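These are the residues of each chain, in order.
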Amino acid sequence: MATINSNFLKLKAGYLFPEIARRVKAYSEANPEKAGKIIRCGIGDVTEPLPAAVVKAMHEGVDEQANRETFHGYGPEQGYEFLRQAIVDNQYQSMSISADEVFISDGSKCDTGNILDIFGNGNTIAITDPVYPVYVDTNVMEGNTGDADEKGAYGGLLYLPCTAENGFVAAPPTEKADLIYLCFPNNPTGATANKEQLKAWVDYAKANDAIILYDAAYEAFIQDPEIPHSIFEIEGAHDCAIEFRSFSKNGGFTGIRCGYVVIPKTVTGSDANGNRVPLHQLWNRRTSTKFNGASYPVQKGAAAIFSEEGKAQVNALIEHYMGNAKLLREAATELGLAVYGGENAPYVWIACPEGVSSWDMFDKMLEEAQVVVTPGSGFGSAGEGYFRVSAFNSRQNVQEVCKRLSALVG
Ligand SMILES: *Cc1c(COP(=O)(O)O)cnc(C)c1O
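Rules used in this analysis
- Residue numbering note: each chain is counted from 1, following its sequence as written.
- With pLDDT at 70 or above as the cut-off, local features in this predicted model cover only qualifying residues; side-chain atom pairs require 80 or more to be listed or tallied, and sums for whole chains, interfaces and linings still use all residues.
- Side-chain numbers here rest on the full set of heavy atoms in the structure, without hydrogens or water.
- A helix here means a DSSP run of H or I that spans at least four residues, while a strand means a run of E at least two residues long, and both kinds are numbered starting from the N terminus.
- A simple rule labels every residue: compare its accessible area, found with a 1.4 Å probe on the protein chains alone, to the largest value its type can have, and call it buried under 20%, exposed over 50%, or partly exposed in between.
- In what follows, residue pairs with any heavy atoms lying within 4.5 Å of each other are defined as contacts.
- In this analysis, strands are considered paired if DSSP registers two or more bridges between them.
- Here an axis means a line fitted to C-alpha atoms, over the contact stretch when the element is a helix, while the angle between two N-to-C directions is reported on a 0 to 180 degree scale.
- Any residue with a heavy atom lying within 4 Å of a molecule or strand is counted as near it.
- Polar contacts, as counted here, are pairs of nitrogen or oxygen atoms within 3.5 Å of one another; within protein the pair requires one atom able to donate a hydrogen and one able to accept it, and residues that are adjacent in sequence qualify only if both atoms are side-chain atoms.
- In this description, accessible areas are obtained by the Shrake-Rupley approach with a 1.4 Å probe, and a residue is regarded as covered only by the protein chains that are shown.
- Amino acid classes used here: Ala, Val, Leu, Ile, Met, Phe, Trp, Tyr, Cys and Pro are nonpolar; Asp, Glu, Lys and Arg are charged; the rest, including Gly, are polar.
- Cavities and pockets were defined on a 1 Å grid built over protein atoms only: a cavity is a set of grid points that admits a 1.4 Å probe from which the probe cannot escape, a pocket is an open set flanked by protein on both sides within 12 Å along at least five of seven lines, and lining residues are those with an atom within 4 Å of any such point.
- Grid points are joined across faces, edges and corners, and a volume is the space filled by probe spheres set on the points.
- Each domain's extent was defined by an automatic or database domain assignment.
- Note on definitions: buried area is the accessible-area loss of two parts on being combined, 1.4 Å probe, summed for both.
- Definition used for salt bridges: Asp or Glu carboxyl oxygen within 4 Å of a side-chain nitrogen of Lys or Arg.
- Stacked, tilted and edge-to-face are the three classes assigned to paired rings of Phe, Tyr and Trp, where Trp is represented by its six-membered ring and a pair needs centres within 6.5 Å; plane angles under 30 degrees give stacked, over 60 edge-to-face, the rest tilted.
- In plain terms, two cysteine sulfur atoms within 2.5 Å form what is called a disulfide here.

## As for the environment of Cys183
Tracing the sequence through the fold places Cys183 in strand 5 (residues 179–183). On the basis of relative accessibility, which here comes to 5%, the residue Cys183 falls in the buried class. When the C-alpha positions of Cys183 and Arg257 are compared, they lie 20 Å apart, and in sequence the two are 74 residues distant. For Cys183, the contacting residues outside a window of four places in its chain are Tyr135 and Asp215.

Written out as structure tokens, the structure is:
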């Protein structure tokens, strides 16, 4: 008899995006004349094509694979030196990170889930609410939680509510946690944490011998020069933090797949006897065993993001999406709604009108404006009463969405 990992049975059926798809389909079938008008601002996926410098480098990478002399077979599991070094030189200057502390992967979703391989059971896991669902679900699969209650909250997790009152940045709790997931700029709220707020988390982690899992997938969207891009800008983080980054959102790599994990060699965890073990050593072993490296042409393409042309092209993409975010913010503000995010992140987080639930607002936007948004409650119970509008779209679509929003009330 092959038994299964019964923890999977605790998972709430992937309800958010399938449920959105179900409602959009039902609406389209009932209103075929409106179906063609639907604009999707729901899923956090980029819309604009790859930077030209990336396309060129990837073509070259494929051409190399076509010739015996330049062919590459298996590469280093941890990633090619040219990319690891380019990342350190361009993203971690003066942060005392070395190229061999950077592990290249096929994206951050996998990394943020796989990282649990190197941690034991019985850790107290702190997770912000609302949150990127991957952190929660992977802990459920690992058996780090109890069952979900009727609101979808899992027993055993330490939820940190992010509300308008705390500016959607949770302060360290009074309870002791062992692993802490932080994501700034945040998906879904678009909130950012300043140096003092991150310092409080690093101090908390050091005082509690905890590890911060810092997801910086959206760092490229930060406009305010005072806001840290990396947890390693904070003193002490080299002893207690792991950082996840991805080329998905800055370089438009959602369909290409490349990300990386930064683990300083000074970050350690405890074995059963209290001996300290570097997490770097464990992740390196895990990577060599379970991964055979990201694709060569993809890593060539990723490195091209750090070329002069690549940087300029990525800046133009960021400017495009942040221009969209500004328009969406203005349109929602004009509606009289409380608007958050969208200033250092590609997500605008909007409070529903008094007494309207996230899903009611979803239905209203779909039925009256044919605009698909993401209900905040899908990211956690503290997201109830909000909805997320993604700035990942063409300018034309965003302008049309803004026009429809003003017509909603007028
Ligand atoms: C998009 C996103 C990522 C990146 O995921 P990839 O697997 O690299 O595409 C990571 N974290 C968050 C919170 C995201 O929204």
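## So, the sheet that holds strand 14 (residues 374–375)
Paired through their backbone hydrogen bonds, the strands of a sheet run either parallel or antiparallel. Within the open sheet, the 4 strands sit side by side as 11-12-15-14. Their pairing is antiparallel. In this open sheet, the two edge strands, each paired with only one partner strand, are strand 11 (339–341) and strand 14. Inspection of the sheet shows strand 11 paired to strand 12 (residues 347–351) by 3 bridges, in the antiparallel sense. Note that in strand 12 the partner of Val339 across the bridge is Ile350. Across the sheet, helix 10 (residues 308–334) touches strand 11, strand 12 and strand 15 (386–390), and the angle it forms with strand 11 is around 160 degrees.

## Points about the site of the ligand
Taken together, 14 residues surround the ligand, and among them Asp215, Tyr218, Ser248, Lys249 and Arg257 come closest. Here Ser246 contributes a side-chain N or O atom positioned 2.7 Å from an oxygen atom of the ligand. Residue Lys249 places a side-chain N or O atom 3.3 Å away from an oxygen atom belonging to the ligand. Here the ligand, which alone exposes 390 Å², has 93% of that area covered by the protein. Taken together, the residues of the shell around the ligand break down into 5 nonpolar, 5 polar and 4 charged.

## Structural notes on the layout of surface pockets
To find the voids left in a structure, one rolls a probe of water-molecule size over its atoms. Of the volumes computed, that of the largest pocket is approximately 1200 Å³. Those elements that place two or more of their residues in the lining of the largest pocket are helix 1 (16–30), helix 5 (108–114), strand 3 (125–129) and helix 6 (133–142). Sorting elements by how many residues they give to the lining of the largest pocket places helix 6 first, with 6 residues. Looking at the lining of the largest pocket residue by residue, the class counts come to 20 nonpolar, 15 polar and 13 charged.

## Brief notes about helix 9 (residues 296–304)
Since the α-helix turns once every 3.6 residues, residues separated by three or four places project in the same direction. Where burial is concerned, most of helix 9 is hidden: 8 out of the 9 residues are buried. Of the surrounding elements, those touching the buried residues of helix 9 are helix 3 (52–65), helix 4 (81–91), strand 2 (102–105) and helix 10.

## Remarks on the domain arrangement of the chain
Much of the literature gives interface size as the accessible area that the parts lose upon coming together. Per the domain assignment, the segments making up the chain are domain 1 (14–43 + 311–409) and domain 2 (54–308). Placing the centre of domain 1 and that of domain 2 at their C-alpha centroids yields a distance of 27 Å. Opposite the 24 residues of domain 1 that make contact, domain 2 presents 29 residues. Interface of domain 1 and domain 2: buried area, both sides summed, is about 2200 Å²; carbon and sulfur atoms make up 62% of it. Three residues, Lys311, Asn344 and Phe379, lead the burial of domain 1 against domain 2; their summed loss comes to 31% of the area buried on that side. Among the salt bridges present, the one from Lys311 reaches Glu308, with a minimum N-O distance of 3.7 Å. Linking domain 1 with domain 2 are 12 residue pairs in polar contact (both at pLDDT 80 or more), by the criterion used here. Listed by contribution, the elements that provide at least two residues to the side of domain 1 that touches domain 2 are helix 10, strand 11, strand 12 and strand 15. Considering every element that reaches the side of domain 1 that touches domain 2, the biggest residue donor is helix 10, with 7 residues. Classifying every residue of the side of domain 1 that touches domain 2 by side-chain character gives 15 nonpolar, 6 polar and 3 charged.

## Considering the packing of aromatic side chains
According to the stated counting rule, one finds 21 aromatic pairs in the structure shown. Measuring from ring centre to ring centre gives 6.0 Å for Phe247 and Phe306, while their planes differ by 70 degrees; the resulting arrangement is edge-to-face. Here Phe247 is found in the loop between strand 7 (241–246) and strand 8 (259–262), whereas its partner Phe306 is found in the loop between helix 9 and helix 10, with 59 residues between them in sequence. Each member of the pair, Phe247 as well as Phe306, carries the same accessibility label: buried. On the basis of an interplanar angle of 65 degrees and a centroid distance of 6.4 Å, the ring pair of Trp349 and Phe379 is categorised as edge-to-face.

## Considering the sheet that holds strand 8
Spatially, 2-8-7-6-5-3-4 is the arrangement adopted by the 7 strands of the open sheet, whose pairing is mixed. Here the strands that pair on one side only, and so sit at the sheet edges, are strand 2 and strand 4 (157–161). Here the average twist between neighbouring strands, direction ignored, is 20 degrees. The sheet contact formed by strand 6 (residues 211–215) and strand 7 spans 4 bridges and is parallel. Within strand 7, the residue paired with Tyr214 across the bridge is Glu243. Running at roughly 145 degrees to strand 6, helix 7 (residues 195–208) makes contact with strand 4, strand 5 and strand 6 of the sheet.

## Details of the state of the cysteines
Here the structure, examined in full by the defined rule, presents 0 disulfides. Free of any disulfide, Cys240 has its nearest cysteine sulfur in Cys183, 17 Å distant.

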